[in-house]
Amino acid sequence: DGGITQSPKYLFRKEGQNVTLSCEQNLNHDAMYWYRQDPGQGLRLIYYSQIVNDFQKGDIAEGYSVSREKKESFPLTVTSAQKNPTAFYLCASSTPEGQDKNIQYFGAGTRLSVL
Amino acid sequence: GQQLNQSPQSMFIQEGEDVSMNCTSSSIFNTWLWYKQEPGEGPVLLIALYKAGELTSNGRLTAQFGITRKDSFLNISASIPSDVGIYFCAGRPFGGSNYKLTFGKGTLLTVNP
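Calculation rules
Each chain carries its own residue numbering, running from 1 in the written order of its sequence. Following the order in which they are written, the chains are lettered starting with A and the ligands numbered starting with 1. Where local features are concerned, this predicted model is filtered to residues with pLDDT of at least 70; where side-chain atom pairs are given and counted, the filter is 80 or more; whole-chain, interface and lining totals use all residues. To get the side-chain values, all heavy atoms of the structure are used, and hydrogens and water are removed first. By definition here, a salt bridge exists when the distance from a side-chain nitrogen of Lys or Arg to a carboxyl oxygen of Asp or Glu is within 4 Å. Secondary structure elements follow DSSP: runs of H or I of four or more residues count as helices, runs of E of two or more count as strands, with numbering from the N terminus. Whether a residue is buried, partly exposed or exposed follows from its accessible area with a 1.4 Å probe, protein chains only, as a fraction of its type maximum: under 20%, in between, or over 50%, in that order. Grouping buried Ala, Val, Leu, Ile, Met, Phe, Trp, Tyr and Cys residues that are joined through side-chain atoms within 4.5 Å yields what is termed a nonpolar core. Each Phe, Tyr or Trp ring (for Trp, its six-membered ring) is paired with any other whose centre lies within 6.5 Å, and the angle between the two planes then decides the class: stacked below 30 degrees, edge-to-face above 60, tilted in between.

Describing the pattern of salt bridges
Applying the stated criterion across every chain, the model contains six salt bridges over all chains. One salt bridge connects Lys9 of chain A with Glu41 of chain B, and the closest N-O pair in it is separated by 4.0 Å. Here Lys9 of chain A is found in the loop between β1 (4-7) and β2 (10-13), whereas its partner Glu41 of chain B is found in the loop between β4 (29-37) and β5 (44-49) on a different chain. What makes Lys9 of chain A partly exposed here is its relative accessible area of 29%.

Quick word on the nonpolar core
Most often, soluble globular proteins have nonpolar side chains that are buried together. Trp34, Leu74 and Leu109 of chain B are the most contacted members of the largest nonpolar core, which has 21 residues in total. For this core, the secondary structure elements donating two or more residues are β2 (10-14), β3 (19-24), β4, β5, β7 (61-65), β8 (71-76), β9 (85-93) and β11 (107-112) of chain B. Counting 20 residues, the second-largest nonpolar core is a separate cluster that includes Leu21, Cys23, Ile60 and Leu112 of chain A.

Describing the packing of aromatic side chains
Under the defined criterion, the tally for this structure stands at 10 aromatic pairs over all chains. Centroid distance Tyr35 of chain A to Phe106 of chain A: 5.7 Å. Interplanar angle 45°. Geometry classified as tilted. With Tyr35 of chain A in strand β4 (residues 31-37) and Phe106 of chain A in strand β10 (residues 105-106), the pair connects residues that are 71 residues apart, well separated along the chain. Look at Tyr35 of chain A and you get buried, because its relative accessible area is 1%. Phe106 of chain A gets classed as buried once you look at its relative accessible area, which sits at 12%. Plain terms: the ring middles of Tyr35 of chain A and Phe103 of chain B are 5.3 Å apart, the flat faces sit at 80° to each other, and that makes the pair edge-to-face. Of this pair, Tyr35 of chain A sits in strand β4 while Phe103 of chain B sits in strand β10 (residues 102-103), placing the two residues on different chains.

Here is the structure:
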């Protein structure tokens, strides 16, 4: 089945610790995204990548970092500089062509909490 | 940046009732998407709209791309308990990036059996 896999489902971070959230897709999509969701809020864009080895900051990139070394993978690192990391993190992907042009498809999310 | 006003913020209805929700923007959009998110899961696409005036159905769900291109509507007919969740609108502004969507804050739907 084609889709987007996020892991882990739940993650706990200690003070001063960096943690990495995994996102893998087998949809052959060029573009991938990371969003943060807080209760009662919409989705806020952290980073996005249009193509391998390229990525751009979204609206709330401070305290986060990403890499895009493979088309299938777009890991997000929440650094110790992010002072309020507790949230639900969503990964998405899209293609600029075809029937599903520009539709973003989402993974099941990772819930990050601070110990 | 761009903002979408989604209303209502929440709805509590009886099973069998019809539901309407909408999203509005101060600027023109050329794509409207409607997603449903269940607790602890990611949003799932319900309907995609690409043309002004377009009316598209997906089972009991019907969505419309407003004629002014500044709004979109989602209707759910004969609601059932499994319709519970948060419904998000999302859109791509005219002239905007192919890669960035603007999201509404969601409508929380509760269905009483």
